[in-house]
Amino acid sequence: MGRERFPERVLLNRERFTEFEETFSLYVLANPAEASARTVADLASSFHISPNAIVRFSRKLGYEGFSDMRLSIAHEVEEARRDSEARDGETGTLELVARTLEMCRDSATERRAARLMAQARQVLIFAVGETAYPAHAFACRLSQFDGKFEFVTYENQVRREMGHDLEGTLLVLVSLSGETAQVVSLAREAAEKGVAVISLTDLHPCALAQYARLALYCCSPQREVGGVNTTDLTPLVAALTQLEGAYLREVGEAS
């Protein structure tokens, strides 16, 4: 874990949380200033838990301990006061790619995603808009190793393919916002039918990730200039390249 902020660390580790850790993370997310001003003993008393449980939670998120987490959150609160949106808008491509690679390189979630792709009988990849271009390139490269990979252009085609092999189908859905209506709708239908979904979005809470068996992330915040979408797709390409490498290692095609 590197430079991720507290909300991002929660997203990346949520599937490993205990019931207490889920409750505690929601409290901190809703009250970061208050949480960062309290002692571990005070928090433990409020949640009727031992201080060690909070320390373990801190370390699970990649902090050295509670004090490290507390200071980091306090710093994030101060950054927010200095207009975090403007600060994020100035983040350059190299930093976004570096954060993406630091987050997903050889991560446990990425290895699980590679394993799901290796085990599936067919892997359908779907995206719309600008994100479709890197997603299509990703599908084309992997299809050269195994014909089960297919980029699907239309929603209804995805639905037809899912209907043929519910158990053997894996659906990879790419949407940086995680709120694209067509993509979220397919994820919801797939989850209802028991079809495994891997989502890939920018690192923030979104509807798409809620329906995914595995949620993957990159650091590509949405940007607009004069009403035109200027979101940097380079971090998405980096994340897909990392996933491609993880898959090839999983099936023994890469050293």
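What counts, and at which threshold
- Residues numbered from 1 in each chain as written.
- Predicted model: local features only at pLDDT ≥ 70, side-chain atom pairs only at ≥ 80, totals over all residues.
- Heavy atoms only, no water.
- Helix = DSSP H or I, 4+ residues; strand = E, 2+ residues; numbered from the N terminus.
- Rg over C-alpha atoms; globule rule 2.2 N^0.38 Å.
- Buried < 20%, exposed > 50% of the residue type's maximum accessible area, 1.4 Å probe, protein only.
- Contact = heavy atoms within 4.5 Å.
- Axes fitted to C-alpha atoms, helices over the stretch in contact; angles between N-to-C directions.
- Parallel < 35°, antiparallel > 145°, perpendicular 65-115°, else oblique.
- Left-handed = near helix turned anticlockwise from the far one by under 90°.
- Nonpolar A, V, L, I, M, F, W, Y, C, P; charged D, E, K, R; others polar.
- Salt bridge = Lys/Arg side-chain N within 4 Å of Asp/Glu carboxyl O.
- Phe/Tyr/Trp six-rings, centres within 6.5 Å; stacked < 30°, edge-to-face > 60°.
- Lys NZ or Arg CZ within 6 Å of the ring centre and 35° of its normal.
- Pairing = 2+ DSSP bridges.
- Core = buried A, V, L, I, M, F, W, Y, C linked by side-chain atoms within 4.5 Å.

Some details on the overall build of the protein
Helix and strand counts for the protein come out as 14 helices and seven strands. Over its C-alpha trace the protein gives a radius of gyration of 19 Å, about what one expects of a compact globule, namely 18 Å for 255 residues. Considering only C-alpha atoms, the protein reaches an extent of 55 × 45 × 40 Å along its principal axes. Considering the protein as a whole, with its 255 residues, one finds that 47% of them fall into the buried category. Put simply, 66% of the contacts in the protein that link residues at least 6 apart link residues at least 24 apart.

Thoughts on the packing of helix 11 (residues 155-164) against helix 12 (residues 181-193)
Contact geometry of helix 11 with helix 12 gives a least axis separation of 11 Å together with a crossing angle of 15 degrees. Looking at the two axes, helix 11 sits roughly parallel to helix 12. Regarding helix 11 and helix 12, the two cross each other, and that crossing is right-handed. In this structure, helix 11 uses E155, V158, R159 and M162 to contact helix 12, whose residues at the interface are Q182, S185, L186, E189 and A190. When its residues are assigned to classes, the contact of helix 11 with helix 12 shows four nonpolar, two polar and three charged.

Looking at the pattern of salt bridges
Pairs can form between side chains of opposite charge once their charged atoms are near each other. Here the structure, examined in full by the defined rule, presents 11 salt bridges. Between R14 and E22 there is a salt bridge whose closest N-O contact spans 3.1 Å. You can call E22 partly exposed: its relative accessible area is 25%. Measuring nitrogen to oxygen at the nearest pair gives 2.5 Å for the salt bridge that ties R141 to E244.

Observations concerning the packing of aromatic side chains
Tallying each qualifying case throughout the model produces nine aromatic pairs. Seen in terms of ring centroids, F6 and F57 are 6.4 Å apart; in terms of plane orientation they differ by 65 degrees. Their pairing is edge-to-face. Linking F6 in helix 1 (residues 6-13) with F57 in helix 5 (residues 51-60), this pair joins segments that are 51 residues apart in sequence. Residue F6 shares its accessibility class with F57, and that shared class is buried. Seen in terms of ring centroids, F24 and F47 are 5.2 Å apart; in terms of plane orientation they differ by 75 degrees. Their pairing is edge-to-face. Of this pair, F24 sits in helix 2 (residues 19-30) while F47 sits in the loop between helix 4 (40-46) and helix 5, and the two are 23 residues apart along the sequence. One aromatic cluster is present, built from ring pairs that chain together F6, F17, F20, F24, Y27, F47 and F57. Here R9 stacks its cationic end above the ring of Y63, 4.0 Å away from the centre of that ring.

A short note on the side chain of T131
When you line up the elements, T131 lands in the loop between strand 1 (122-126) and helix 10 (132-143). Using a relative accessible area of 10% as the deciding quantity, one classes T131 as buried. With residues up to four places along the chain from it excluded, the contact list for T131 reads V174, L176, L233 and L236.

Some remarks on the sheet that holds strand 5 (residues 214-218)
The sheet built from five strands is open, its strands ordered 2-1-3-4-5 with parallel pairing. Lying at the two open borders of the sheet, with one neighbouring strand each, are strand 2 (149-151) and strand 5. Averaged over all pairs of adjacent strands, the angle between their axes in this sheet comes to 20 degrees, without regard to strand direction. As judged from the five bridges shared by strand 3 (residues 169-174) and strand 4 (residues 196-202), these two strands associate in the parallel manner. Residue pairing in the sheet places L173 in a bridge with S199 of strand 4. Running over the sheet, helix 9 (residues 108-119) touches strand 1, strand 2, strand 3, strand 4 and strand 5 and is turned about 125 degrees from strand 5. Across the sheet, helix 11 touches strand 1, strand 2 and strand 3, and the angle it forms with strand 1 is around 165 degrees.

Brief notes about the nonpolar core
Among the nonpolar cores identified, the biggest contains 32 residues, and M117, I125, L170 and I198 are the most heavily contacted of them. The element best represented in this core is helix 14 (residues 234-250), accounting for seven residues. Here I198 is in contact with A113, L116, M117, L170, L171, V172, L173, L214 and L216, once residues within four sequence places are set aside. If you look at the next biggest cluster of nonpolar residues, it comprises 25 residues, including M103, L171, V195 and Y217.

Read these as geometric descriptors, not functional statements.
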